[in-house]
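# Close look at the chain arrangement
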Amino acid sequence: FASVILKLADTDPAVRRTGMVTGHSQREVDFYEKIASRLPAKTLAHCHAAVYDGAEGYFTLLFDDLVDAQPGDQIACCSVDSARLAVRELARLVASVVEDPDLASWVDTPLPLDRMVMETIVQEYYKRFGTRISAEQRNVIGRFAACFDTWVADRSEPRSIVHNDFRLDNMLFGEPGSARELTIIDWATLRWGSVCSDLAYFLGGNLSPEDRRTHEKELVRHFHDELVAHGVADFSFEECWRGYRWMAFAGVLMAVGAPMVVAQTERGDAMFLMMLTRHCQQVKELDALALLDEAHRENLKVNPADEGRHEPGNEPSWNESWYMDAISADGKLGAYIRMGYVPNQNRTVYTAYIVGEGRPAVAILDYEAPLPGTGLALQTEQFTSAMIIEEPLQRFRATLNGVGEYYVEAAAALRGERGEPVAVAIDLVWETEGLPYQYQITSRYELPCRVTGTVRVGDEVLTLTGPGQRDYSWGERNWWSHDWTWASAHLNDGSRIQAVELRLPGMPAVAFGYE
């Protein structure tokens with residue numbers, strides 16, 4: 001009688017629920033049902049049955065037994081010959097479906113992580129492992145997290161299936177003389193991505209650091225040669241080497257992210273810390289941080305064409321807003337203007353404030369102003385306002401003339417109370433003083449500025465000269481879906497700091513910023 005291997009879902013409902021939330025259980029079943037037959041069969045166990053119960057998270061996988069094979073051990077590492085075998089078979093697998101549009105259409109799902117989530121995970125990771133993480137490793141983790149959105153968005157290399165946990169513990173090596181030299185198992189983390197992803201992850205975490213340093217380039221070249229031999233065109237070795245360096249961070253991501261979603265064990269912690277050590281060393285020796293930093297700086301550049309208005313989306317809360325603020329050099333006078341168009345609600349939200357030491361706050365508030373025609377000019381019965389892009393990303397002018405209200409108690413306006421009417425005029429120019437900052441998690445940029453001009457309240461004309469900033473944001477914006485706060489600062493040495501804290505329902509507060 002032939003023996004078989006039966007893989008079943010965990011009996012613990014919590015573990016099954018995790019498999020359902022991550023999609024890993026169904027993904028492995030789908031791999032054997034829909035994808036395995038399209039790949040070279042040489043390194044895949046033959047699957048007789050693959051069944052998934054989406055209601056409870058149960059699954060059943062039935063394979064041929066692999067009695068003449070031995071499992072790998074990531075902690076112990078493997079020989080260079082075994083690594084060469086794994087690299088060769090990996091190249092043949094990814095080459096067989098590279099840039100396959102049908103496969104990509106359902107395997108290429110968005111990564112459920114962005115910079116904010118990653119930085120939250122990092123803080124929890126630090127709490128768990130504490131002093132076992134070196135300062136050098138924290139530097140790699142921190143800089144990677146800060147550039148995470150740039151790293152995820154990169155599409156430089158050809159794309160294919162990614163095992164996403166391509167390591168020795170998920171490989172079985174045939175005994176000498178056996179029909180199958182290598183079997184790759186556990187496809188639950190299957191994704192679509194760079195052809196170099198599994199390569200970098202495997203070499204960085206499964207060879208000893210000494211063997212990797214000595215044989216790294218040779219093994220990457222072997223991988224590239226196999227890709228070309230199996231039909232991958234227009235992909236040079238230099239591009240492959242760049243992709244290998246770029247994807248060295250895949251191991252850092254796994255070492256930091258995986259411990260946060262799996263049950264904690266002593267061996268698991270030892271393995272994740274070992275992975276972190278090896279992959280951070282790989283990143284350092286490949287100078288991958290320099291590669292990532294350069295791409296991140298390029299990715300943060302703002303397109304001057306984005307200064308103007310954008311075609312609105314269909315979302316009810318889609319809006320675009322121009323915000324600008326200023327404070328006098330002595331800190332005694334400040335002002336801001338925000339004009340937000342909400343086209344699908346047929347209104348403009350306009351707010352302007354003038355504040356200062358020892359003076360009442362003065363505001364113009366209109367949450368139901370009409371939409372402008374073209375350009376950035378707005379006129380109501382209460383006020384007229386214009387915003388003029390004099391030089392994209394460099395010089396921006398804002399004017400306001402109308403009747404505002406002054407409040408002895410500044411909070412009265414927030415309570416919807418009416419103030420005393422007063423004539424108001426603002427004529428200020430924001431000149432960019434530094435590099436614009438482009439957000440990656442949303443369509444928004446901010447610019448540090450030097451502000452000059454005048455502010456009039458009643459018959460009093462005040463000159464305002466000092467630091468300020470402005471920003472432009474467009475897209476779906478439901479500002480009332482959660483609490484948030486932000487602060488910015490201009491230091492005496494010329495540094496600018498911006499920080500934001502988001503308070504999402506049911507989640508820990510998330511804070512991020514930049515200098």
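This text goes with the structure placed above it.
Residues numbered from 1 in each chain as written. Predicted model: local features only at pLDDT ≥ 70, side-chain atom pairs only at ≥ 80, totals over all residues. Heavy atoms only, no water.

What follows deals with the overall build of the chain. Per the secondary structure count, the chain includes 13 helices and 22 strands. The burial tally for the chain puts 50% of its 515 residues in the buried class. In the chain, the proportion of contacts linking residues at least 24 apart, taken out of those at least 6 apart, comes to 65%. Approximately 24,400 Å² of the chain is accessible, and the part contributed by carbon and sulfur atoms is 52%. Mean positive and mean negative side-chain charge positions of the chain (48 and 75 charges, respectively) differ by 2 Å. (Helix = DSSP H or I, 4+ residues; strand = E, 2+ residues; numbered from the N terminus. Buried < 20%, exposed > 50% of the residue type's maximum accessible area, 1.4 Å probe, protein only. Contact = heavy atoms within 4.5 Å. Areas by Shrake-Rupley, 256 points an atom, 1.4 Å probe, with all protein chains shown as cover. Lys, Arg positive; Asp, Glu negative; His and termini not counted. Charge placed at Lys NZ, Arg CZ, Asp CG, Glu CD.)

A word on empty space enclosed by the protein. Here the idea is plain: a probe the size of a water molecule rolls over the atoms and shows the empty space left. According to the stated counting rule, one finds two cavities of 30 Å³ or more in the structure shown. In this structure, the largest cavity occupies an estimated 60 Å³ of space. Along its surface, the largest cavity is lined by Arg115, Asp149, Tyr437, Tyr439, Gln440, Ile441 and Phe512. Split by residue class, the lining of the largest cavity holds four nonpolar, one polar and two charged. (1 Å grid on protein atoms, 1.4 Å probe; cavity = no way out; pocket = protein on both sides within 12 Å on 5 of 7 lines; lining within 4 Å. Points joined across faces, edges and corners; volume = space filled by probe spheres on them. Nonpolar A, V, L, I, M, F, W, Y, C, P; charged D, E, K, R; others polar.)

Take the nonpolar core next. If you look at the biggest cluster of nonpolar residues, it comprises 97 residues, and the most contacted ones within it are Trp151 and Phe202. Sorting elements by how many residues they give to this core places helix 3 (residues 80–96) first, with nine residues. If we skip the residues at most four places from it in the chain, Trp151 touches Phe144, Trp246, Met247, Phe249, Ala250, Leu253 and Leu292. Residues Ile337, Ile364, Ala398 and Tyr472 belong to the second largest nonpolar core, which totals 39 residues. (Core = buried A, V, L, I, M, F, W, Y, C linked by side-chain atoms within 4.5 Å.)

It is worth spelling out the packing of helix 9 (residues 209–229) against helix 10 (residues 237–246) at this point. In the contact formed by helix 9 and helix 10, the axes pass within 10 Å of each other and the chain directions differ by 125 degrees. The angle between helix 9 and helix 10 places the two elements in the oblique class. Regarding helix 9 and helix 10, the two cross each other, and that crossing is right-handed. Contacts between helix 9 and helix 10 involve Arg212, Glu216, Lys217, Val220, Arg221, Phe223 and His224 on the former and, on the latter, Phe237, Cys240, Trp241 and Tyr244. (Axes fitted to C-alpha atoms, helices over the stretch in contact; angles between N-to-C directions. Parallel < 35°, antiparallel > 145°, perpendicular 65-115°, else oblique. Left-handed = near helix turned anticlockwise from the far one by under 90°.)

Let's shift gears to the packing of helix 5 (residues 115–129) against helix 6 (residues 135–146). Each pair of packed helices gets described by two things: the angle between the helix axes and the distance between those axes. At a minimum axis separation of 9 Å, helix 5 and helix 6 run at an interaxial angle of 160 degrees. Classified by the angle between their axes, helix 5 and helix 6 sit roughly antiparallel to one another. Classified by chirality, the crossing of helix 6 by helix 5 is left-handed. Contacts between helix 5 and helix 6 involve Arg115, Met118, Glu119, Val122, Tyr125 and Tyr126 from the former and Arg138, Ile141, Gly142, Phe144, Ala145 and Ala146 from the latter. Of the residues assigned to the contact of helix 5 with helix 6, the class counts are eight nonpolar, one polar and three charged.

Structurally, the position occupied by Thr348 is in strand 11 (residues 347–356). Judged by relative accessible area, Thr348 falls into the buried class, the value being 0%. A polar side-chain atom of Thr348 sits 2.9 Å from the main-chain carbonyl oxygen of Pro370. With residues near it in sequence (within four places) discarded, Thr348 still touches Met339, Gly340, Tyr341, Asp366, Tyr367, Glu368, Ala369, Pro370, Leu371, Pro372 and Leu378. (Polar contact = N/O pair within 3.5 Å; in protein donor to acceptor, adjacent residues only side chain to side chain.)

Coordinates in, geometry out; function isn't part of it.
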